[in-house]
Amino acid sequence: MTAPLLWAATLTLLIGLFYFYTAMRVGVLRGRHNIKAPATSGHPEFDRAYRVQLNTLEQMGIILPFLWVAAFYPVGPLWLAPLIGLIWLVGRIVYLRRYMADPERRQLGAAICGLTALAMFVVAGCGVLRAWLVTRV
Amino acid sequence: MTAPLLWAATLTLLIGLFYFYTAMRVGVLRGRHNIKAPATSGHPEFDRAYRVQLNTLEQMGIILPFLWVAAFYPVGPLWLAPLIGLIWLVGRIVYLRRYMADPERRQLGAAICGLTALAMFVVAGCGVLRAWLVTRV
Amino acid sequence: MTAPLLWAATLTLLIGLFYFYTAMRVGVLRGRHNIKAPATSGHPEFDRAYRVQLNTLEQMGIILPFLWVAAFYPVGPLWLAPLIGLIWLVGRIVYLRRYMADPERRQLGAAICGLTALAMFVVAGCGVLRAWLVTRV
């Protein structure tokens, strides 16, 4: 029972650290391109960095809850949920790098994150379903 | 002790799935109306869909933490917190449908979500308060 | 083991309540300055309030996961993580007050939140690391 929670905690720290980095970059670019708050656009590089940060937050709102539900109600091989979460994080890094180069190239990273989010939903859903069946019987 | 957590997990999956759907629609409409990233506006239908997604994320930042605190520290009838969470989700669906038809009609859905969020805060707060009293004594 | 989780739950409720307040203000100012949805700008006071709300959500995406990981895997003095979380919340209040007066004065609050988020990451990271070492051996 411990390993799934510990993996979820580890991944949460890694994802949080990555997100912290995307937020820091926005602050740095805001200074470099002299974009005054509360504006959230004004220079292509800043605009991209801000969208990467916000999109990362948007996607964290999906993956983190699913990851923890999967950790609380593990099912199947215990490495499955952590592996999916790790691929999600790799997809985010791909997304960041490609988006900053050219927003039109964001599809690969976005696809990896979308598919892994769906996979995590299925894994977490199976765990919850099994827990309901066990609870009811 | 199990049922509140299992309910919270189930609701989290449903809410996450709904939010995933709002995010998917934004991607689809971005393609249909040919709105190039990193722009987040450019066509009324897209603008509405994006606001619905972001507002859903904004409200998830309130309800999910409260839901889980209420699940960790249950108090009163065990169906109360899950029921409030379910009404919140219904409010979100109402919000989505009305907002897409006409943003001025978003008030009903917004009110349901605001009131259920407050109700969840009260339930979670009572649970935490009781836990503090028990811990201290 | 109970106290860290109870503190995390208590802080989560306080942070959620503060965030709820920032979101409420945006709704009130939207009405007062007659800014029609789905617009998210149109009057300096509204623009500031909206950025404060969204920035609070952005920062919650960092601090809440770290806070809970630290609560699940406590290490060192048990008051450390709750204290860091409390200072983060104070930093948010400072951020709100200064940002509304003049966005250029947001740095102090932003710095408090950034540093406490990093401190929480270190505390949570130490707890997870220790748990891995104990699990492996």
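Residues numbered from 1 in each chain as written. Chains lettered and ligands numbered in written order. Predicted model: local features only at pLDDT ≥ 70, side-chain atom pairs only at ≥ 80, totals over all residues. Heavy atoms only, no water.

**Describing the overall build of chain A**
- Along the backbone of chain A there are 4 helices and 0 strands.
- Overall, chain A shows an N-to-C arrangement of helices and strands of α-α-α-α.
- Projecting the C-alpha coordinates of chain A onto the three principal axes gives extents of approximately 60 × 25 × 20 Å.
- Sequence-distant contacts in chain A: of pairs separated by 6 or more residues, those separated by 24 or more amount to 73%.
- Carbon and sulfur atoms make up 69% of the accessible area of chain A, which amounts to about 6,000 Å² in all. (Helix = DSSP H or I, 4+ residues; strand = E, 2+ residues; numbered from the N terminus. Contact = heavy atoms within 4.5 Å. Areas by Shrake-Rupley, 256 points an atom, 1.4 Å probe, with all protein chains shown as cover.)

**Comments concerning the confidence of the model for chain A**
- When pLDDT is averaged along chain A, the result is 95, and 98% of the positions lie at 70 or above.
- Across the interface, the model reports ipTM at 0.95; the global pTM reads 0.96. (pLDDT = per-residue confidence, 0-100.)

**Some remarks on the relation of the copies chain A and chain C**
- When chain A is fitted onto chain C, the two copies agree to an RMSD of 0.0 Å after a turn of 120° and an axial shift of 0.0 Å. Taken together, the rotation angle and the small translation identify this as a three-fold axis. Across chain A, the rotation axis passes nearest the C-alpha of Gly 61 of chain A, at a separation of 4.8 Å.
- In this assembly, only 12% of the residues forming the interface of chain A have copies in chain C that are likewise at the interface, indicating a heterologous arrangement. (Least-squares fit on C-alpha atoms with pLDDT ≥ 70 in both.)

**Remarks on helix α2 (residues 44-72) of chain A**
- With 29 residues, α2 of chain A extends 42 Å from end C-alpha to end C-alpha; this agrees with the ideal 42 Å at 1.5 Å per step.
- Largest kink in α2 of chain A: about 35°, centred on Met 60 of chain A. (Expected span 1.5 Å × (residues − 1). Bend = angle between axes of the 7 residues up to and from the residue.)

**Regarding the environment of Val 123 of chain C**
All names here are of chain C.
- Mapped onto the elements of the fold, Val 123 is located in helix α4 (residues 107-136).
- Considered as a pair, Val 123 and Leu 13 are 110 residues apart in the sequence and their alpha carbons are 21 Å apart.
- With residues near it in sequence (within four places) discarded, Val 123 still touches Ala 70, Val 75, Leu 80, Ala 81 and Ile 84.

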